[in-house]
2 protein chains.
Amino acid sequence: MSELVNVAVDAMGGDNAPGEIIKGAVEALQESEKVKVFLVGQEEVLKKHLAEFTYEKDRLEIVNATEIIETAEPPVNAIRKKKDSSIVKAMGMVKAGTCDAYVSAGSTGANLVGGQVLVGRIKGIERAPLAPLIPTEKGVSLLIDCGANVDARPSHLVQFAKMGSVYMEHVMNVKNPKVAIVNIGAEEEKGNALVKETFPLLKNCPEINFIGSIEARDIPAGLADVVVCEAFVGNVILKLYEGVGSTLIKKVKAGMMTSLRSKIGALLVKPALKETLKDFDLEQYGGAPLLGLNGLVVKTHGSSKSIEIKNSILQCITFKEQQINDKIKEKILLKDE
Amino acid sequence: MSELVNVAVDAMGGDNAPGEIIKGAVEALQESEKVKVFLVGQEEVLKKHLAEFTYEKDRLEIVNATEIIETAEPPVNAIRKKKDSSIVKAMGMVKAGTCDAYVSAGSTGANLVGGQVLVGRIKGIERAPLAPLIPTEKGVSLLIDCGANVDARPSHLVQFAKMGSVYMEHVMNVKNPKVAIVNIGAEEEKGNALVKETFPLLKNCPEINFIGSIEARDIPAGLADVVVCEAFVGNVILKLYEGVGSTLIKKVKAGMMTSLRSKIGALLVKPALKETLKDFDLEQYGGAPLLGLNGLVVKTHGSSKSIEIKNSILQCITFKEQQINDKIKEKILLKDE
């Protein structure tokens, strides 16, 4: 058997911790023989939960961490002070090389700060973007950056575009992924100062398949595989996806309940509808990688259930096997020198 | 009878011009006795179309304009050179005071530039924002600014907040409208440089009901009546609303067609569903006003059908009757001095 992929899992982070986190970890072990999980959290609590599951004991280790970083805590402070928290300890294992990757449903702020400060950026990478997959009509696109670095500079966006390309090509198997920059019109002269400055830089990148601007309307249609934007705009896109989706689904459900006729119809369409709409549920796609770090950091939704944790852990295997970080270094750093 | 509200209508702008524009104008005349329409465009073409309709002749005038500004034309140039275009001529009528308001489904760029250059801003107003109504679970919210002024300054956003408040209170009848700024977290210390600088300014505005930050996720839920943001972000929000909406509706339809059972169900739910989803169709709400100008400029979708044109024309009546521009002057300018 080849070497295992070691994944540190923050067992205490997220609304459904530790129950769903542990369940997801066990499911990942059952689904793939290539992974070993280090569950980081309060030992006694974790042991009690684990007693309910059957799994290969030598591919799961508990690492005791007594403290918990809460979602509302100011992240910089929390990371600095809570040395024995699950986030700080688990990230430390990636930094030390004990683990290849890290998965957490805990505080976004603490994970972003911890990623940059504790795990650290690959030398030459200016910023580490958060890059979730978002559902589209054609499959999924990578939205990069989605909340990690507000007020980014053009050179950051160019690195995001390259890292995103590597990820989509080698983790998601999209050949020659189409890269576009979010803009308020399709023409090159449109946009705000940041976009106008970034556009020609992207156009002059032979390493990526830059197709130009993308208007927000065309993102759900899947016109680009890698959707580049600065973090503020990316965060708005991600959250509006969720917001419009949830409001519309509520409207559809309410619409079906307005008459007896439609209620009967609703019973008939429900199973098929549920199946189709599953593709449009952001939580199906595992977590969002924080790219450009010395190791992989994956941030999943705070509300993650076991399936999202499982998918996030499995995603780490591909990341390691495909040597994504080496490819990022190759694409970005060698070219820059 | 009280004085008529005079509305100049760009009969040549939009994908469905002049047919749907003329139809919408006639429908507006039929629905309200308070309005007079000046159809601006190629006289012979308009006359031919008008021959099909019955309407009160003395409340509709044709104003000949031989040129047409196309959507793809660089706006500044087009406005400068095509003096006999429908946009330039119709806006000139507002500037001259012949008309109170102006409605166009034509080139967004030309309308934005024309609004600022030809109609002109109210003295003291720094920027004129484009402010469409967007559907929410609770009704509608005003999204301001939505594409007119990229790279805005904090003082612009404060004026947008005040103008938006006046509009929602007096045109849309929302008492003490809740104003929020689009942000990537609810806490005051979150955000990019622009939002961080604007937040305390809004907090110190006694003239508006500022409720703090709003995350994009909560916009469709209707948590704020006036959603303040700079134009780039506003444009992304508006277009993503359309994009996610259209993709989801496609998915729902496809989901209903996957089995015989669901197809039968679809027939039963269709009428009720259609009715509910109508509320979520942006085109139901007429056009977007460009606020802060010497007169009202309303920009409707390029794809406007007659209903949107009609609603936009009727919207002008309320705007005039409620003396919105006087109220804007009062709220913004007196306070500033």
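Please refer to the structure placed before this passage.
The notes below deal with the structure included here. Numbers given to residues run from 1 along each chain, matching the order in which its sequence is written. Each chain gets a letter, beginning with A, and each ligand a number, beginning with 1, in the order they are written. Whole-chain, interface and lining totals are the exception, using all residues; otherwise, since this is a predicted model, local features are given only for residues with pLDDT of at least 70 and side-chain atom pairs are given and counted only at 80 or more. Only hydrogens and water are set aside when side-chain values are computed; all heavy atoms of the structure are taken into account.

**So, the pairing of strand E2 (residues 35–41) of chain B**
Residue and element names in this part refer to chain B.
Then, number 1: The classification of residues rests on relative accessible area computed with a 1.4 Å probe and restricted to protein chains. Under 20% of the type maximum is buried, over 50% is exposed, and intermediate values are partly exposed. Numbering of helices and strands starts at the N terminus; helices are DSSP runs of H or I of at least 4 residues and strands are runs of E of at least 2. With seven of its seven residues buried, E2 lies for the most part within the structure.
Then, number 2: Of the two faces of E2, the one carrying Val35, Val37, Leu39 and Gly41 and the one carrying Lys36, Phe38 and Val40 are both buried.
Then, number 3: Pairing analysis gives six bridges linking strand E1 (residues 5–10) to E2, with the strands arranged parallel. When the sheet's bridge partners are listed, Val9 is paired in E2 with Leu39. Two strands make a pair as long as DSSP finds a minimum of two bridges between them.

**Quick word on unusual backbone geometry**
Then, number 1: In this structure, the amide linkage connecting Ile144 of chain A to the following residue, Asp145 of chain A, adopts the cis form with an omega of 10°.
Then, number 2: Structurally, Asp145 of chain A can be placed in the loop between strand E6 (139–144) and helix H6 (154–170).
Then, number 3: Phi angles above zero are rare outside glycine, and Asn173 of chain B is one such case at about 60°.
Then, number 4: Secondary-structure assignment places Asn173 of chain B in the loop between helix H6 (154–170) and strand E7 (178–183).

**Quick look at the interface of chain B and chain A**
Then, number 1: With 53 residues of chain B at the contact, the number on the chain A side is 53 residues.
Then, number 2: Buried surface area refers to the total accessible area, computed with a probe of radius 1.4 Å, that the two partners give up upon joining, counted for both partners together. Summed over both sides, the interface between chain B and chain A buries roughly 4,900 Å², with carbon and sulfur atoms accounting for 73% of that surface.
Then, number 3: By convention in these notes, a salt bridge is any Lys or Arg side-chain nitrogen within 4 Å of a carboxyl oxygen on Asp or Glu. Across the pair Lys250 of chain A and Glu137 of chain B runs a salt bridge whose closest N-O atoms are separated by 3.2 Å.
Then, number 4: At the level of secondary structure, the elements contributing two or more residues to the side of chain B that touches chain A comprise E7, helix H7 (193–203), helix H8 (231–256) and helix H9 (260–278) of chain B. The contact definition used throughout considers only heavy atoms, calling two residues in contact when any of these lie within 4.5 Å.

**Some thoughts on the packing of aromatic side chains**
Then, number 1: Classification of ring pairs uses Phe, Tyr and Trp, with its six-membered ring standing for Trp, and accepts pairs whose centres are within 6.5 Å; under 30 degrees between planes counts as stacked, over 60 as edge-to-face, and the remaining range as tilted. On inspection of all chains with the given rule, the structure shows four aromatic pairs over all chains.
Then, number 2: Residues Tyr167 of chain A and Phe319 of chain A carry aromatic rings whose centres are separated by 6.2 Å and whose planes lie at 45° to one another, so their mutual orientation is tilted. Highlighted residues: Tyr167 of chain A in helix H6 and Phe319 of chain A in helix H10 (residues 306–321), separated in sequence by 152 residues.
Then, number 3: When the ring of Phe199 of chain B is compared with that of Phe210 of chain B, the centres are 5.2 Å apart and the planes differ by 75°; the resulting orientation is edge-to-face. Within this pair, whereas Phe199 of chain B is found in helix H7, its partner Phe210 of chain B is found in strand E8 (residues 209–215), the two being separated by eleven residues in sequence.
Then, number 4: Counting as a charge over the ring demands two things of the Lys NZ or Arg CZ atom: a distance within 6 Å of the ring centre and an angle within 35 degrees of the ring normal. Taking NZ or CZ as reference, Lys57 of chain A lies 4.1 Å from the ring centre of Tyr55 of chain A, over its face.

**A look at the environment of Ile211 of chain A**
Residue and element names in this part refer to chain A.
Then, number 1: Considering the arrangement of structural elements, one finds Ile211 in strand E8 (residues 209–215).
Then, number 2: For Ile211, a relative accessible area of 42% translates into the label partly exposed.
Then, number 3: When near neighbours in sequence (up to four residues on either side) are disregarded, Ile211 contacts Lys178, Val179, Ala180, Leu223 and Ala224.

**Some words on the relation of the copies chain B and chain A**
Note on the chain copies: they are related by a rotation about an axis and a translation along it.
Then, number 1: Superposing the copies works by least squares over the C-alpha atoms of residues that have pLDDT at least 70 in both of them. Relative to chain A, chain B is turned by 180° and slid 0.0 Å along the rotation axis, the superposed coordinates differing by an RMSD of 0.1 Å. Here the two chains are linked by the operation of a two-fold rotation axis. Across chain B, the rotation axis passes nearest the C-alpha of Gly265 of chain B, at a separation of 1.8 Å.
Then, number 2: Most of the interface of chain B is mirrored in chain A, where 100% of its interface residues are also at the interface.

**Topic: the sheet that holds strand E7 (residues 178–183) of chain A**
Residues and elements named next belong to chain A.
Then, number 1: Taken in spatial order, the five strands line up as E5-E6-E9-E7-E8 in an open sheet, and their pairing is mixed. If you trace the sheet from one side to the other, it starts and ends with strand E5 (133–136) and E8, each paired once. Adjacent strand axes in the sheet meet at a mean angle of 30°, parallel and antiparallel pairs treated alike.
Then, number 2: Between N-to-C directions, angles span 0 to 180 degrees; the directions come from axes that are lines fitted to C-alpha atoms, helices contributing only their stretch in contact. Strands in contact with helix H7 (residues 193–203) are E7 and E8; relative to E7, the strand with the most contacts, it is inclined by about 165°.
Then, number 3: Against the sheet, helix H8 (residues 231–256) makes contact with E5, E6 and E7, and its axis sits at roughly 50° relative to E5, the strand it touches most.

**With respect to H6 of chain A**
Then, number 1: Between the first and last residue of a helix there are one fewer steps than residues, each counted as 1.5 Å, and that sum is the expected span. Taking 1.5 Å per residue as the helical rise, H6 of chain A with its 17 residues ought to reach 24 Å, and the 25 Å between its terminal C-alpha atoms agrees with that figure.
Then, number 2: Along H6 of chain A, 14 of the 17 residues are buried, which leaves the element largely enclosed by surrounding structure.

**A short note on H7 of chain A**
Since there are 3.6 residues in each turn of an α-helix, residues three or four apart along the chain are aligned in direction.
Then, number 1: Listed in full, the buried residues belonging to H7 of chain A are Leu194, Val195, Thr198, Phe199 and Leu202 of chain A. Each buried residue of H7 of chain A lies within a common arc of 125° when the element is viewed along its axis, so the set occupies one face.
Then, number 2: Of the surrounding elements, those touching the buried residues of H7 of chain A are H6, E7 and E8 of chain A together with H8 of chain B. The reported arc concerns the directions from the helix axis to the C-beta atoms and nothing else.

**Some words on the pairing of strand E4 (residues 101–104) of chain A**
Residues and elements named next belong to chain A.
Then, number 1: Burial of E4 is two-sided: the residues Ala101 and Val103 facing one way and the residues Tyr102 and Ser104 facing the other way are all buried.
Then, number 2: The pairing of strand E1 (residues 5–10) with E4 spans three bridges and is parallel. Paired with Ala8 across the strands is Tyr102, a residue of E4.
Then, number 3: The sheet contact formed by E4 and strand E11 (residues 296–299) spans four bridges and is parallel. Its bridge partner being in E11, Val103 is matched across the sheet by Val298.

**Some points on the sheet that holds strand E9 (residues 226–228) of chain B**
Residue and element names in this part refer to chain B.
Then, number 1: The five strands lie next to each other as E5-E6-E9-E7-E8, forming an open sheet whose pairing is mixed. Of all strands in the sheet, those bounded by a partner on one side alone are strand E5 (133–136) and E8. Taking each pair of neighbouring strands and ignoring which way they run, the sheet shows an average axis angle of 30°.
Then, number 2: Of the strand pairs in this sheet, E7 and E8 are connected by six bridges, and their pairing is parallel.

This is a description of form; function is not addressed.
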